[in-house]
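# Architecture at a glance
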Amino acid sequence: MTREQYILATQQNSLPRTEHPQFYPVGIYGWRKRCLYFFVLLLLVTMIVNLAMTIWILKVMNFTVDGMGNLRVTKKGIRLEGISEFLLPLYVKEIHSRKDSPLVLQSDRNVTVNARNHMGQLTGQLTVGADAVEAQSKRFEVRASEGGKILFSADEDEIVIGADRLKVTGTEGAVFGHSVETPHIRAEPSQDLKLESPTRSLVMEAPRGVQVNAAAGDLKATCRKELHLQSTEGEIFLNADTIRLGNLPVGSFSSSSSSPSSTAPRQTIYELCVCPNGKLYLSPAGASSTCQSSSNICLWS
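Residues numbered from 1 in each chain as written. Predicted model: local features only at pLDDT ≥ 70, side-chain atom pairs only at ≥ 80, totals over all residues. Heavy atoms only, no water.

The next thing to look at is the overall build of the protein. Helix and strand content of the protein: two helices and twelve strands. Ordered by position from the N terminus, the helices and strands of the protein form the series α-α-β-β-β-β-β-β-β-β-β-β-β-β. When each of the 301 residues of the protein is scored for burial, the buried share is 5%. A sequence separation of at least 24 residues applies to 9% of the contacts in the protein between residues at least 6 apart. Total accessible area on the protein is roughly 30,200 Å²; 55% of this is exposed by carbon and sulfur atoms. (Helix = DSSP H or I, 4+ residues; strand = E, 2+ residues; numbered from the N terminus. Buried < 20%, exposed > 50% of the residue type's maximum accessible area, 1.4 Å probe, protein only. Contact = heavy atoms within 4.5 Å. Areas by Shrake-Rupley, 256 points an atom, 1.4 Å probe, with all protein chains shown as cover.)

Right, here's the structure in full:
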């Protein structure tokens, strides 16, 4: 027996021996065990509630493989059905409705459509508000649905109306601040046409002539001062069955008011005569006419 074995054998024999040995339990017992079970049960309930809420949200929002609710993801893009609300700006390339329904854009304040270039600069804007509809661009055009004919266009230089007829139905008519260029101006049937400049002059010009025609009524020209009819190179032609010059002063001559020896100049009375060819001339009363007496017309003045 070696020395180490002898020492170990001696130490084992020297230990006190107890009749009832003590056992120390290993684990969680008491209130700790109850708390652990409570937390495990609470975690299980939370997981079940989260799973139920997730299933409910998927069912309410109508999540499918193609999309969510009214939103469908297709090969051509995104498709929305019904009413959709956007709280932030929407950036898209193209918006169009279905073939059997219109496209409605609605907002509590206004609807603004902006167009920008590749540098982000604003090139065009259309704003539909409660008070006005505003369009801001270099050129604004309205085209016909068939053929693409320009019905209305506006830019900084001019405004072009390409419709076959422009109709103004207001009681006050149309007011133009500057000149108007048009080949034809007429009123509605059974309505009067009135061209008026309240404080300035009214000028009608045309390189090949101006024609004023009243097919079923009278043509009246009224002015405060002189009325001038002037033709620089041609003639003034009056063609009517009866031509009247009203309110002309009538001259008179009395032989009793002057003696034969009076040296005062004698007043001469003239006649305004019209020849068959339309020429006007003055002729002394009672004198022979240069035209044929049977054809001319004399108006005393």
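Right, let's talk about the sheet that holds strand β7 (residues 140-143) for a bit. Spatial strand order, β7-β8-β9: three strands in an open sheet with antiparallel pairing. Of all the strands in the sheet, the pair left with one neighbour each is β7 and β9 (159-161). On average, each strand axis in the sheet is tilted by 10° relative to the strand beside it, whichever way the strands run. (Pairing = 2+ DSSP bridges. Axes fitted to C-alpha atoms, helices over the stretch in contact; angles between N-to-C directions.)

Time to look at the packing of aromatic side chains. The geometry of two aromatic rings is summed up by the distance between their centres and the angle between their planes. With the rule as written, the count across this model stands at two aromatic pairs. Ring centres of F38 and F39 lie 5.9 Å apart, and the angle between their planes is 65°; on these two criteria the pair is classed as edge-to-face. Aromatic pair F140 and F152: ring centres 6.4 Å apart, planes at 65°, arrangement edge-to-face. Remark: F152 occurs in strand β8 (residues 150-154) and F140 occurs in strand β7; sequence separation between them is twelve residues. (Phe/Tyr/Trp six-rings, centres within 6.5 Å; stacked < 30°, edge-to-face > 60°.)

On to helix α2 (residues 31-60). Taking 1.5 Å as the rise per residue, α2 with 30 residues should run 44 Å; its terminal C-alpha atoms sit 43 Å apart, in good agreement. Of all 30 residues that make up α2, zero are buried, and the element is exposed over most of its length. Looking at the residues trailing α2, positive phi occurs at N62, about 55°. (Expected span 1.5 Å × (residues − 1).)

This part takes up the UniProt feature "transmembrane region" (unreviewed entry) in the protein. Within this structure's numbering, the places UniProt gives as "transmembrane region" (unreviewed entry) are residues 36-58. The straight-line gap between the two end C-alpha atoms of residues 36-58 is 33 Å; of that span, 100% is helix and 0% is strand. (UniProt positions renumbered as here; feature names shortened; annotations may be inferred.)

The strand order across the open sheet built from three strands is β1-β2-β3, with neighbouring strands paired in antiparallel fashion. Each end of this open sheet is capped by a strand with a single partner; those strands are β1 (67-68) and β3 (78-80). In terms of strand pairing, strand β2 (residues 71-73) meets β3 through three bridges, oriented antiparallel. Bridging across to β3, V73 finds its partner in I78.

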